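Fold and geometry: a report
Now for the letters of each chain:
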Amino acid sequence: MELQAESVQELILKGEVPDKYIQYDKITGEPQDANFPAMDIPVIDLGLLRNSSTSAHELVKLRSALSSWGCFQAINHDMTPKFLDKVRDVTKQFFELPLEQKQRCSQEVGDIQGYGNGIVLSEQQKLDWSELLYLVIQPEDRRNLKLWPEKPEDFRSILHEYSTKLRLITEVVFKAMASSLNLEENCFLQQYGERAKVTAKFNLYPPCPRPDLVLGQKPHADGSAITLILQDKSTEDLQFLKENQWFRAPTIPEALLINIGDQAEISSNGIFKSLIHRVVTNAERERISLVVFYIPEIDKEIEPFEKLFDESRPRLYKKIKNYPDIYFQYYQQGKRPIEAAKCQI
Ligand SMILES: O=C(O)CCC(=O)C(=O)O
Ligand SMILES: [Fe+2]
C-alpha cells in the first residue's frame, strides 16, 4: 500500500507537527536533539589510493575505519569544491520551486522514483520531516528522464556529470576496499555486476519546530553496498549509532562521506560494518543532502568472499539475491534486514 503523506512544506505553513511525526528514541531514550559527540573518522585521500606506491597507509586507515565506524570521509576525489557547490545549489533551487512544479516529477504509484515524501507503507508508520527526489542515475539506459527536473536548467547536466564522476570514484573505493582485505582488487566489482544500479536521493530537511521529537530520517542501515553522501555545509545533523550511543558525522565541505551498506557487510563477512544512522532535525536551519546508493544487480549472488572465513573465523552470512526485496519485507516488519542473511550458528 502506498499513501501519499501531506507535504512538510504544507505543514510548516500551518505551523503544526502532527502525531505521525513524533518519534521517541527507543534505542537510547534520549531526546532526538541531545548534544552528541562527533565521530572520530578518518579523512582518506583517494588520490593516494589510486597508486600502489602511495596507497599502503591509506589502506590501513580505510580498513580500520570501515571495520569500526563503517564510514570515512573521502577527499581528492576529482570533484572541485566549486563543482560540489553547484550540485548543492541545483538541489536547493529544485526544492525552492513551487510545489506544483516539483510535483511534475512526482512519484508514480508503485515506483519509488520521483519527487515525494518517501514511501509510506502503512497508516501507522511514523513520518520523516523531509522532502525527497529519488532518481536512478546508472545504468544510463535505466534512467527515467520524465522524472528528471527541467528546472533549474542545469540540473540534468550537473547530475549527469556528478554521476559520471562517481563511477570512477566508486571503482577506486571498491578496489581499495578489496586491497585492504588482501583480496583481488576486482572482487567487489565482479560480485556486484557491471550493471549495478546507482540511485541518487536528494533530500531537503526543512527547519522543524520540535527537533527534540521529530526526525529528518528514521534510524536505518542502508540496503546498498556502499553509499556516498554529499552533506550540507552548514549543519551536522547526520548521526551514526555505535555501541548504543549516537555520534554526529562531522561535515567537511569538500569531502564525500562514504558508508558501508548491508551488502558490503555481507561480502566482507562482517569485517566492514553497516551501521545504523539517522538524520535529526534542526529548528533554525534547513539541511540538504545528496545521497547516492550503489546497489548490486538484483540477480547477482551476494555472499562472503571465501578468503574471509575458515575454521577459526566462521562464515557469518548466507548467499542472498535481490536484497532490495528482502530489505523492504523486513523493514516493513520493523526488523533489521541484514538478519535475513545471517547464518544460524
Ligand atoms: O541525508 C543524509 O545525510 C543521509 C540520509 C540517509 O541516511 C539515507 O538516505 O539513507
Ligand atoms: Fe542511510
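Bear in mind that the values here come from a model prediction, so they are computed numbers and not experimental data. (Residues numbered from 1 in each chain as written. Chains lettered and ligands numbered in written order. Predicted model: local features only at pLDDT ≥ 70, side-chain atom pairs only at ≥ 80, totals over all residues. Heavy atoms only, no water.)

1. Considering the coordination of the iron ion (ligand 2)
In the first shell of the iron ion (ligand 2), the protein supplies H220 (NE2), D222 (OD) and H277 (NE2), at 2.1 to 2.2 Å from the metal. Donor residues binding the iron ion (ligand 2) come from one chain and are separated in sequence as H-x1-D-x54-H. In this pair, H220 is assigned in strand β6 (residues 215-220) and H277 in strand β11 (residues 277-280), connecting sequence segments 57 residues apart. Assigned by exposure class, H220 and H277 land together as buried. (Donors = N, O, S within 2.8 Å, 3.2 Å for Na, K, Ca; no water. Helix = DSSP H or I, 4+ residues; strand = E, 2+ residues; numbered from the N terminus. Buried < 20%, exposed > 50% of the residue type's maximum accessible area, 1.4 Å probe, protein only.)

2. Let's talk about the side chain of D232
Position of D232 among the secondary structure elements: in the loop between β7 (226-230) and β8 (238-242). Of the side chains with opposite charge, R287 lies nearest to the buried D232, which makes no salt bridge, at 5.9 Å. Polar contacts involving the side chain of D232 include one to the side chain of S234, which spans 2.8 Å. One polar contact links the side chain of D232 to the main-chain amide nitrogen of I288, over a distance of 2.8 Å. With near-sequence residues (within four places) excluded, D232 lies in contact with R88, T251, E286, R287 and I288. (Lys, Arg positive; Asp, Glu negative; His and termini not counted. Salt bridge = Lys/Arg side-chain N within 4 Å of Asp/Glu carboxyl O. Polar contact = N/O pair within 3.5 Å; in protein donor to acceptor, adjacent residues only side chain to side chain. Contact = heavy atoms within 4.5 Å.)

3. Quick look at the UniProt feature "domain: Fe2OG dioxygenase" (unreviewed entry) in the chain
UniProt tags residues 192-296 as "domain: Fe2OG dioxygenase" (unreviewed entry). Structurally, residues 192-296 is divided into 7% helix and 45% strand, and its ends, taken at the C-alpha atoms, are 4 Å apart. (UniProt positions renumbered as here; feature names shortened; annotations may be inferred.)

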